[in-house]
Amino acid sequence: MPKINQTLGEFIIEHQSSFKYSSGELSRLINSIRLAAKVVNYEVNKAGLVDILGDIGDTNVQGEAQQKLDVYAHDKFVQTLTKRNIVCGIASEEEEDFICINSIDANNQNKYVVLIDPLDGSSNIDVNVSVGTIFSVYRRVTPVGSPVLIEDFLQKGSEQVAAGYVIYGTSTMLVYTTGAGVNGFTLNPAIGTFYLSHPDMKFPKEGSIYSINEGNYVHFPQGVKDYLKYCQKEQGNRPYTSRYIGSLVSDCHRNMIKGGIYLYPQTAQNPNGKLRLLYECNPMAFITEQAGGKASNGTERILDISPTALHQRVPFYCGSKEMVNDLESFMGN
Ligand code: AHG
Ligand code: MN
Ligand code: MN
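First, a word on scope: everything that follows refers to the structure included in this document. (Residues numbered from 1 in each chain as written. Chains lettered and ligands numbered in written order. Predicted model: local features only at pLDDT ≥ 70, side-chain atom pairs only at ≥ 80, totals over all residues. Heavy atoms only, no water.)

1. Considering the coordination of the manganese ion (ligand 2)
Line of reasoning, step 1. For the manganese ion (ligand 2), every protein donor is listed as D117 (OD), D120 (OD) and E280 (OE), and the spread of their distances is 1.8 to 2.2 Å.
Line of reasoning, step 2. Mapped onto the sequence, the residues coordinating the manganese ion (ligand 2) show the spacing D-x2-D-x159-E.
Line of reasoning, step 3. A separation of 3.7 Å is found between the manganese ion (ligand 2) and the manganese ion (ligand 3), both of which receive a donor from D117. Separated by 160 residues along the polypeptide, D120 in strand β5 (residues 112–120) and E280 in helix α7 (residues 277–290) bring together distant segments of the chain. Comparing D120 with E280, the two get one shared label, buried. (Donors = N, O, S within 2.8 Å, 3.2 Å for Na, K, Ca; no water. Helix = DSSP H or I, 4+ residues; strand = E, 2+ residues; numbered from the N terminus. Buried < 20%, exposed > 50% of the residue type's maximum accessible area, 1.4 Å probe, protein only.)

Listed below in structure tokens is the structure:
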């Protein structure tokens, strides 16, 4: 029986031994993310109060305008994981190259690497709409104690040992999986403690919400256009409802609770779509599958894609299993 008033700290300790490589290292990692999430949450919450908004005039490695809170969140997660000697390497949306922590500290014997989108949906910050953090965890493939290499990060999503997200919304939640289901924890801001509020989260098999930036409609592949027309047709439990926040974490979180599909297709200008495989799609796909949903690039399972670059993009279709199946059949599978 799930213990509804269990704290995240208690939950981590209780489940440590059920993890197959358990040595406490993964528990320390999740604990560190919990800590950084609280710090970032505090800053995100007062974004409207202090002069932290607006561009810093720099662009990130994707050439997109970078906002101050992106950098702040990146720094906090990296500092927390580095200074507390938690992992051996980190890759972030905000930095072109991965960070090799054990080249700074020769005694670093840690075996995990983390890939992170420190602030997802950042264009929503200055309009007071939910944003998030996404993280993905792998065991390194190169020997412990040596400097991490690119191959430690370029692993298939199916190799993830943990993945999760934080949603800074009307309430702040941390949702994660270590491959044995998905659990969600809600922050009580008065005392700074996450409580288990959503045990064993499951995607409804079917749903009626589709989430897509329809402004790009004319550029979508024909299969996606046809699927959208199908969604809009009156028949049975259709037409569906459209909901799009523009923050992957928030859109997927809502769809997981209510049943729905998130779509970010390829277009002529962006043949690989917009979203990044390693620190956006793979962690969301792992969580989705662990919650009984499905994630695909239109033809192939996201978690089976062999990555070739740190900031690689991929078309992304993710959500309730039946809806993703329908989408795939419209894509000609
Ligand atoms: P980020 O803020 O980390 O760059 O990610 C934004 C992503 C994703 O969260 C969101 O679903 C998508 O971009 C929205 O893109 P459009 O504005 O093109 O719809
Ligand atoms: Mn993002
Ligand atoms: Mn981001």
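2. Thoughts on the site of ligand 1
Line of reasoning, step 1. The environment of ligand 1 is formed by 17 residues, the closest being D120, G121, Y244, Y262 and Y264.
Line of reasoning, step 2. In the model, an oxygen atom of ligand 1 is placed 2.9 Å from a nitrogen or oxygen of the L248 main chain.
Line of reasoning, step 3. Within the side chain of Y262, a nitrogen or oxygen atom sits 2.6 Å from an oxygen atom of ligand 1.
Line of reasoning, step 4. The protein chains hide 85% of the 470 Å² of surface that ligand 1 would expose on its own.
Line of reasoning, step 5. Within the residue set of the shell around ligand 1, elements represented by two or more residues are β5 and β13 (260–264).
Line of reasoning, step 6. If you tally residues by element for the shell around ligand 1, the top one is β5, at three residues.
Line of reasoning, step 7. Broken down by class, the residue content of the shell around ligand 1 amounts to six nonpolar, five polar and six charged. (Near = heavy atom within 4 Å. Polar contact = N/O pair within 3.5 Å; in protein donor to acceptor, adjacent residues only side chain to side chain. Areas by Shrake-Rupley, 256 points an atom, 1.4 Å probe, with all protein chains shown as cover. Nonpolar A, V, L, I, M, F, W, Y, C, P; charged D, E, K, R; others polar.)

3. A look at a negative patch on the surface
Line of reasoning, step 1. Residues D75, E95, E96 and D97 make up a contiguous surface patch of negative charge.
Line of reasoning, step 2. Inspection of the secondary structure assignment puts D97 in the loop between β3 (89–92) and β4 (99–100). (Patch = residues over 30% accessible without salt bridge, like charges linked within 9 Å, V, L, I, M, F, W, Y side chains within 5 Å. Salt bridge = Lys/Arg side-chain N within 4 Å of Asp/Glu carboxyl O. Lys, Arg positive; Asp, Glu negative; His and termini not counted. Charge placed at Lys NZ, Arg CZ, Asp CG, Glu CD.)

4. Describing the packing of aromatic side chains
Each aromatic ring pair is summarised here by two numbers: the centre-to-centre distance and the angle between the ring planes.
Line of reasoning, step 1. Following the criterion strictly, the structure yields ten aromatic pairs and no others.
Line of reasoning, step 2. Measuring from centroid to centroid gives 5.8 Å for Y227 and F330, while their planes differ by 65°, and the two rings are edge-to-face. Here the residue Y227 occupies a position in helix α5 (residues 222–232), and F330 occupies one in helix α8 (residues 321–330), the gap between them amounting to 103 residues.
Line of reasoning, step 3. A relative accessible area of 0% means that Y227 is categorised as buried.
Line of reasoning, step 4. Ring pairs connect the aromatic residues F11, Y176 and F185, which therefore count as one cluster. (Phe/Tyr/Trp six-rings, centres within 6.5 Å; stacked < 30°, edge-to-face > 60°.)

5. Quick word on the coordination of the manganese ion (ligand 3)
Line of reasoning, step 1. In this structure, E93 (OE), D117 (OD) and L119 (O) serve as the protein donors to the manganese ion (ligand 3), at separations of 2.1 to 2.3 Å.
Line of reasoning, step 2. All donors to the manganese ion (ligand 3) come from one chain, and their sequence spacing reads E-x23-D-x1-L.

6. A short note on the sheet that holds strand β6 (residues 131–139)
The pairing of strands in a sheet comes from backbone hydrogen bonds and takes either a parallel or an antiparallel form.
Line of reasoning, step 1. The eight strands lie next to each other as β4-β3-β5-β6-β7-β8-β9-β10, forming an open sheet whose pairing is mixed. Either end of the sheet is taken by a strand with one partner, and the two such strands are β4 and β10 (193–198).
Line of reasoning, step 2. Strand direction decides the pairing type here: β6 and strand β7 (residues 162–168), joined by seven bridges, are antiparallel. By the bridge assignment, F135 is partnered in β7 with G164. (Pairing = 2+ DSSP bridges.)

7. Looking at the pairing of strand β8 (residues 172–177)
Line of reasoning, step 1. β8 sits mainly inside the fold: six of its six residues count as buried.
Line of reasoning, step 2. Because side chains alternate across β8, one face comprises the buried residues T172, L174 and Y176, and the other comprises M173, V175 and T177, equally buried.
Line of reasoning, step 3. Sheet analysis places β7 next to β8, joined by six bridges and oriented antiparallel. Bridge pairing links V166 to L174 in β8.
Line of reasoning, step 4. What sits between β7 and β8 in their antiparallel hairpin is a turn of three residues.
Line of reasoning, step 5. Bridge count for β8 against strand β9 (residues 182–188) is five bridges, and the pairing is antiparallel. Its bridge partner lying in β9, M173 is registered against T186.

8. Observations concerning the sheet that holds strand β14 (residues 294–296)
Line of reasoning, step 1. On the basis of which strands lie adjacent, the open sheet formed by five strands has the order β12-β11-β13-β15-β14 and mixed pairing. Of all strands in the sheet, those bounded by a partner on one side alone are β12 (241–242) and β14.
Line of reasoning, step 2. With three bridges connecting them, strand β11 (residues 209–211) and β13 associate as parallel partners. Its bridge partner lying in β13, S211 is registered against Y262.
Line of reasoning, step 3. The strands that α7 touches are β14 and β15 (316–319); relative to β15, the one it contacts most, it runs at about 25°. (Contact = heavy atoms within 4.5 Å. Axes fitted to C-alpha atoms, helices over the stretch in contact; angles between N-to-C directions.)

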